[in-house]
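# Working through the structure, step by step
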Amino acid sequence: MSVCGRMRMSPSALLGFKCLFAARFSSRRILACLPGLSGRGYSVEAQQQQQVLDERPRGPQDLYSGPLDHYTSIIREGALKEDEHQRAVMLTLDQLHQTLRGYSNTHTSLFSRLFTKPEPPNGYYIYGDVGTGKTMVMDMFYSHVETEKKKRVHFHGFMLDVHKRIHRLKQSMPKRKAGKMSISYDPIAPIAEEISEEAALLCFDEFQVTDIADAMILKQLFENLFLKGVVVVATSNRPPQDLYKNGLQRVNFVPFIAVLQRYCQTLRLDSGIDYRRRNRPSAGKLYFLSSEPDVQATLDKKFDELAFKQNDITRPRIMNVNNRKVRLEKACGSIVDCTFEELCDRPLGASDYLEVSRLFDTLFIRNIPLLTLNKKAQARRLITLVDALYDHKVRVVILADHPLEELFVLDGEHGHDESNILMDDLGLQRDEASSLSIFSGSEEMFAFQRTVSRLTEMQTEEYWIQGDRSAKPKV
Ligand SMILES: Nc1ncnc2c1ncn2[C@@H]1O[C@H](COP(=O)(O)OP(=O)(O)OP(=O)(O)O)[C@@H](O)[C@H]1O
């Protein structure tokens, strides 16, 4: 018998060993060895590893008694720092995880139809400063929940999906006959019903409201979801009462806040520590300044070195997003070299950036200018782009006119033509409009702190290694 044969571990012990080994290496890796989660996203690789070990699909519940036990064990291993604020949130989420054991918002069998449905437990809305570990605690909770129907989504992606469903439903409605009055039809309730059939637990990362189209439907959508027994856990940088702060027509949005607070208890997670700024080994120089000599040539060389390992030639690429063609001038395999103008100076949005993140594992962003109030729309796009890249662990190489921390400044000028036209269209005086976030840039300034924090982590060696898709199976 081989040494391996004699020493063979039981599948669960082997999985436990893998997890403990991973804990020493990285906290994200811990999540990576859990089914369904790889840091922030869904990991097919983790699931496949799991199934090789054992026919029975297994979860972290086989290793830990719950998310709190899991958190404690990673702290013990030294991969995470003890944080009393995180522990308090974990304790609460641990209790919810126990309450949700076997929870369903629909009747699963004929037998269950004979009984009244259980009262759904309250969810949680976790908010706090950037990098304090909100997503990490939520993901750890999520990976332990033993509910048949659970979904973990990025809020942006979720709302895009909702708007797509609304569009699809409206398209499927019978067309109005000439000369007949159109029948008013409310698509939100059936869509909420559809979503509630897919998920009894919805975990939202990055709950934020910046879009008036989202703001106007949230109350009805969430009220219907809650009435259908969907339990919501969300993370956000804003307390509920500050959502859509200074947004257009906010009076129509405000009732949503009360609905959210009725069904989700607010938890603050704010240790004051941005863990992304911990001293961690760097991946090498990935942020360049345009004032550096021959910097464009340096980036060309870096691109060529990475492109050399690709099984492709350098060529333009055309992405197909919602039946629109988006052309990117320079790409090679999974690497794409763009200018800021190409990505953020055009009318692109979250769905385009999600497609970039899906297709490429490395993105060069050249020539980022100083982002002033006049470039507010471009700054907003950069924020959305970095959120998408970070969530998909896409690596970035940046060339900018200013250091990261000084990239976005509010210069107080309202000189932009587009803003003036919009103010006129809305019949607003300049003074009146200056308090609205779409004109003041305050929302972008606030969100940009997250961008800075994320781009800081994106320059670490750990992030660069995690972003390597070459060894991962293509899905
Ligand atoms: N207690 C801790 N010790 C060490 N690292 C930690 C700890 N908590 C979180 N981190 C790390 O800090 C980084 C940021 O965590 P996370 O993404 O959960 O923050 P966040 O609060 O969701 O940030 P944002 O508001 O920007 O979305 C992650 O890489 C995470 O692994």
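The model shown is predicted, which means the values in this text are computed figures rather than measured ones.

### A short note on the nonpolar core
One finds Leu363, Leu382 and Leu385 to be the most contacted residues of the largest nonpolar core, which totals 40 residues. With eight residues, the top contributor of residues to this core is helix 17 (residues 376–391). Excluding residues within four positions of it along the chain, Leu382 makes contact with Phe340, Cys344, Ile368, Leu371 and Phe448. The next biggest cluster of nonpolar side chains, apart from the first, holds 37 residues, and it includes Phe155, Ile166, Ile257 and Leu260.

### Structural notes on the packing of helix 9 (residues 155–172) against helix 12 (residues 218–227)
Orientation of helix 9 relative to helix 12, taken along the N-to-C sense of each, is 95°, at an axis distance of 13 Å. With respect to helix 12, the element helix 9 is oriented roughly perpendicular. Two secondary-structure elements touch here, helix 9 through Phe155, Phe158, Met159 and Val162 and helix 12 through Leu218, Leu221, Phe222 and Leu225. Considered class by class, the residues forming the contact of helix 9 with helix 12 number eight nonpolar, no polar and no charged.

### Points about the sheet that holds strand 4 (residues 231–236)
Judged by pairing direction, the sheet is parallel, and its five strands sit side by side in the order 2-3-4-1-5 without closing on themselves. Among the strands making up the open sheet, the edge pair consists of strand 2 (150–154) and strand 5 (264–268). Taken over all neighbouring pairs, the strand axes of this sheet differ in orientation by 15° on average, direction set aside. Pairing of strand 3 (residues 201–205) with strand 4, which is carried by four bridges, proceeds in the parallel orientation.

### Here we look at the sheet that holds strand 11 (residues 395–400)
If you walk across this open sheet you meet the six strands as 6-11-10-9-8-7, and the pairing is mixed. Of all strands in the sheet, those with a lone pairing partner are strand 6 (287–289) and strand 7 (315–321), marking the two edges. Direction aside, the axes of adjacent strands within the sheet are offset by 30° on average. Judged from the three bridges that link them, strand 6 and strand 11 form a sheet pairing that is parallel. In the strand pairing of strand 11, Leu289 is matched with Ala400. Where helix 16 (residues 350–359) meets the sheet, its contacts fall on strand 7, strand 8 (324–332) and strand 10 (362–368), and the angle it forms with strand 7 comes to roughly 125°.

### Examining the pattern of salt bridges
Within this structure, the stated rule accounts for 33 salt bridges. The residue Asp300 makes a salt bridge to Arg366 at a minimum N-O spacing of 2.8 Å. Note that Asp300 is positioned in helix 14 (residues 295–308) and Arg366 in strand 10, a separation of 66 residues in sequence. Residues Arg324 and Asp352 are paired through a salt bridge, measuring 3.0 Å at the closest nitrogen-oxygen approach. Taken as a pair, Arg324 in strand 8 and Asp352 in helix 16 lie far apart in primary sequence, 28 residues in all. Among the residues examined, Asp352 registers a relative accessible area of 2% and is labelled buried. When salt bridges that share partners are traced, they join Lys151, Asp161, Arg165, Glu194 and Glu198 into one network.

### Considerations on the environment of His85
Within the secondary structure layout, His85 lies in helix 6 (residues 84–99). The class for His85 is partly exposed, based on a relative accessible area of 32%. Residues His85 and Lys301 lie 216 residues apart in sequence; the distance between their C-alpha atoms is 45 Å. The contact partners of His85, leaving out residues within four places of it in the chain, are Leu269, Asp270 and Ser271.

### Let's talk about helix 8 (residues 134–144)
Where burial is concerned, most of helix 8 is hidden: 11 out of the 11 residues are buried. Residues of helix 8 that are buried include every one of Lys134, Thr135, Met136, Val137, Met138, Asp139, Met140, Phe141, Tyr142, Ser143 and His144, and no others.

### Structural notes on the state of the cysteines
Under the defined criterion, the tally for this structure stands at zero disulfides. With no disulfide of its own, Cys203 lies closest to Cys264 among cysteine sulfurs, the gap being 10 Å. Its sulfur unpaired, Cys338 is 9.4 Å from the next cysteine sulfur, which belongs to Cys344. The class for Cys338 is buried, based on a relative accessible area of 1%.

### What to know about the environment of Glu146
Structurally, Glu146 is set in the loop between helix 8 and strand 2. By relative accessible area, which is 30% here, Glu146 ends up partly exposed.

### Re the packing of aromatic side chains
All chains considered together, the criterion is met by 17 aromatic pairs. Between the aromatic rings of Phe204 and Phe222, the centroid separation amounts to 5.6 Å while the plane-to-plane angle is 50°, which identifies the pairing as tilted. Of the two residues, Phe204 is situated in strand 3 and Phe222 in helix 12; the sequence distance between them amounts to 18 residues. By relative accessible area, which is 0% here, Phe204 ends up buried.

### Overview of helix 16
For helix 16, the tally of buried residues reaches seven of 10 residues, placing the bulk of the element in the interior. Restricting attention to buried positions, one finds in helix 16 the residues Ala350, Ser351, Asp352, Tyr353, Glu355, Val356 and Ser357.

Rules used in this analysis
Within every chain, residues take consecutive numbers counted from 1 along the sequence as written. Local features in a predicted model are, by the rule used here, given only for residues with pLDDT of at least 70; side-chain atom pairs are given and counted only at 80 or more, and totals for whole chains, interfaces and linings are based on all residues. The side-chain numbers reported here are obtained from all heavy atoms of the structure, hydrogens and water having been left aside. Throughout this description, the term nonpolar core refers to a set of buried Ala, Val, Leu, Ile, Met, Phe, Trp, Tyr and Cys residues connected via side-chain atoms within 4.5 Å. Partly exposed describes any residue whose relative accessible area lies between the buried limit of under 20% and the exposed limit of over 50%, with all areas from a 1.4 Å probe on protein chains only and scaled to the type maximum. Helix numbering and strand numbering both begin at the N terminus, where a helix is a DSSP run of H or I of at least 4 residues and a strand a DSSP run of E of at least 2. Contacts are assigned to residue pairs that have any heavy atoms within 4.5 Å of one another. What counts as an axis is a line fitted to C-alpha atoms, over the stretch in contact for a helix, and the angles between N-to-C directions run from 0 to 180 degrees. Oblique is the label for any angle not covered by the other classes, which are roughly parallel (under 35 degrees), roughly antiparallel (over 145) and roughly perpendicular (65 to 115). Amino acids outside the nonpolar list (Ala, Val, Leu, Ile, Met, Phe, Trp, Tyr, Cys, Pro) and the charged list (Asp, Glu, Lys, Arg) are all regarded as polar, and Gly is one of them. Whether two strands pair depends on DSSP finding at least two bridges between them. Whenever a carboxyl oxygen of Asp or Glu lies within 4 Å of a side-chain nitrogen of Lys or Arg, that contact is scored as a salt bridge. Pairs of cysteine sulfur atoms within 2.5 Å are identified as disulfides in what follows. Here is the rule: rings of Phe, Tyr and Trp (six-membered ring for Trp) pair when centre to centre is within 6.5 Å. Planes less than 30 degrees apart are stacked, more than 60 are edge-to-face, and the remainder are tilted.

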